[in-house]
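# Chain and residue survey
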Amino acid sequence: MKGAAMKVIKNINNNVSLCLDSNNIEVVAFGKGIGFTKPPYEVDLNQVQRTYYDIDPMYINMISDIPEEILDISDNIINYARIKLDNPVSSNIVITLADHINFAIQRYKENMNIKLPIVHDIQYLFETEMEIGEYALKLIKKKLKVFLPKEEAAYIALHIINAESMNKNKKQEKLDEEVIDDICDIIEKDFQIKVDKIGFNYSRFVSHMHYLLKRGKKNEMVKSENQKLYESLINTYPKTYECIQHVRKYLKDQMNWDLSDEECIYLMLHINRLCAREDCYQ
């Protein structure tokens, strides 16, 4: 990178800013205290610890909701993955993986352990990615003293696998966006709300939907024995369950997919987060 400074155009939090480099290319920059000053202003390159290019704008708002130590762990995991893998991975995964880890730690603290029945399949078919997932669990244990279950190594491996194959053709991408928009319309209609499409909960929802659609196209819908958790969620959030049935019917009608109960659990959690600020259950 040429020059001794970058121009800060937006602060994300105290230590993360959206900048323009010397070639006027947008970059997300991390550095202690670089977000304290009101933009626009120039920050010395010596203050910048690391940078990420080509971050999708929909993920940028998520950064402020993720603890810095978890972003650091995610960055460490992806750097390790880049050494281990032949295929390039998108910079976006640093943010989406950090968000996943943050959510996994919250579930761990709430004693909500979701079983993943395809752990052994991932271990067998994607040995390197699973090894990266196991490295991630060791790092989380070392840095945060949090002991995540082995299933989380497989979930992290799935994130890596998805990131390796994110080069979708534009036509398919457009189709995915249309499906996500339609499902968002179903949620808005069922809850009689207007979803905040620039908020980080929506960004998370879109990211989850992209992965769900990818699994559906490969006929790899996740299935498991989490019936008790599913029944508990149905009893606690009947309105969300009703919405899920409409989404299930839409996917069956449009794509001839049967959404598994396991997929419904995750989708219910994401819909609840999407609706949280609208006080749907008050």
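Structure first, text after, so check above.
### Here's the deal with the pattern of salt bridges
In this structure the tally under the stated criterion is 10 salt bridges. In this structure, the salt-bridge partner of lysine 84 is glutamate 131, at a minimum N-O distance of 3.7 Å. Taken together, the residues lysine 84 in helix 2 (residues 68-84) and glutamate 131 in helix 5 (residues 127-144) connect sequence positions 47 residues apart. Accessibility expressed as a relative area gives 29% for glutamate 131, which makes it partly exposed. The closest approach of N and O atoms between aspartate 258 and lysine 252, which form a salt bridge, is 3.3 Å. The class of aspartate 258 is exposed, set by a relative accessible area of 55%.

### Structural notes on the sheet that holds strand 3 (residues 26-30)
Strand order in the open sheet formed by 5 strands is 4-1-2-3-5, with antiparallel pairing between adjacent strands. The sheet terminates laterally at strand 4 (41-44) and strand 5 (50-53), the two strands that pair on one side only. Direction aside, neighbouring strands of the sheet carry axes that sit 45° apart on average. Where strand 2 (residues 16-20) lies against strand 3, 5 bridges are found, and the strand directions are antiparallel. Bridging across to strand 3, cysteine 19 finds its partner in valine 27.

### Examining helix 5
In a regular helix each residue adds 1.5 Å, so 18 residues correspond to 26 Å; helix 5 covers 25 Å between its end C-alpha atoms and thus fits that length. Within helix 5, the full set of buried residues consists of Glu129, Met130, Ile132, Gly133, Ala136, Leu137, Leu139 and Ile140. Buried residues in helix 5 make contact with helix 2, helix 3 (92-109), helix 4 (119-125) and helix 6 (150-164).

### What about the nonpolar core?
In this structure, Val28, Ile63, Ile77, Ile95 and Ile101 are the most contacted members of the largest nonpolar core, which totals 46 residues. Secondary structure elements with two or more residues in this core: strand 2, strand 3, helix 1 (57-60), helix 2, helix 3, helix 4, helix 5 and helix 6. Counting residues per element, this core draws most heavily on helix 3, which supplies 8 residues. Discounting residues that sit within four places of it in the chain, isoleucine 101 has contacts with Ile70, Ile73, Ile77, Ile140 and Ile156. Ile193, Tyr202, Met268 and Cys275 belong to the second largest nonpolar core, which has 39 residues in total.

### A word on a nonpolar patch on the surface
A cluster of nonpolar side chains, contributed by Tyr124, Leu125 and Phe126, occupies part of the molecular surface with about 370 Å² of accessible area. Turning to its location among the elements, phenylalanine 126 is positioned in the loop between helix 4 and helix 5. Looking at phenylalanine 126, the relative accessible area reads 31%, which means it is partly exposed.

How each quantity is defined
Residues numbered from 1 in each chain as written. Predicted model: local features only at pLDDT ≥ 70, side-chain atom pairs only at ≥ 80, totals over all residues. Heavy atoms only, no water. Salt bridge = Lys/Arg side-chain N within 4 Å of Asp/Glu carboxyl O. Helix = DSSP H or I, 4+ residues; strand = E, 2+ residues; numbered from the N terminus. Buried < 20%, exposed > 50% of the residue type's maximum accessible area, 1.4 Å probe, protein only. Pairing = 2+ DSSP bridges. Axes fitted to C-alpha atoms, helices over the stretch in contact; angles between N-to-C directions. Expected span 1.5 Å × (residues − 1). Contact = heavy atoms within 4.5 Å. Core = buried A, V, L, I, M, F, W, Y, C linked by side-chain atoms within 4.5 Å. Patch = residues over 30% accessible without salt bridge, like charges linked within 9 Å, V, L, I, M, F, W, Y side chains within 5 Å. Areas by Shrake-Rupley, 256 points an atom, 1.4 Å probe, with all protein chains shown as cover.

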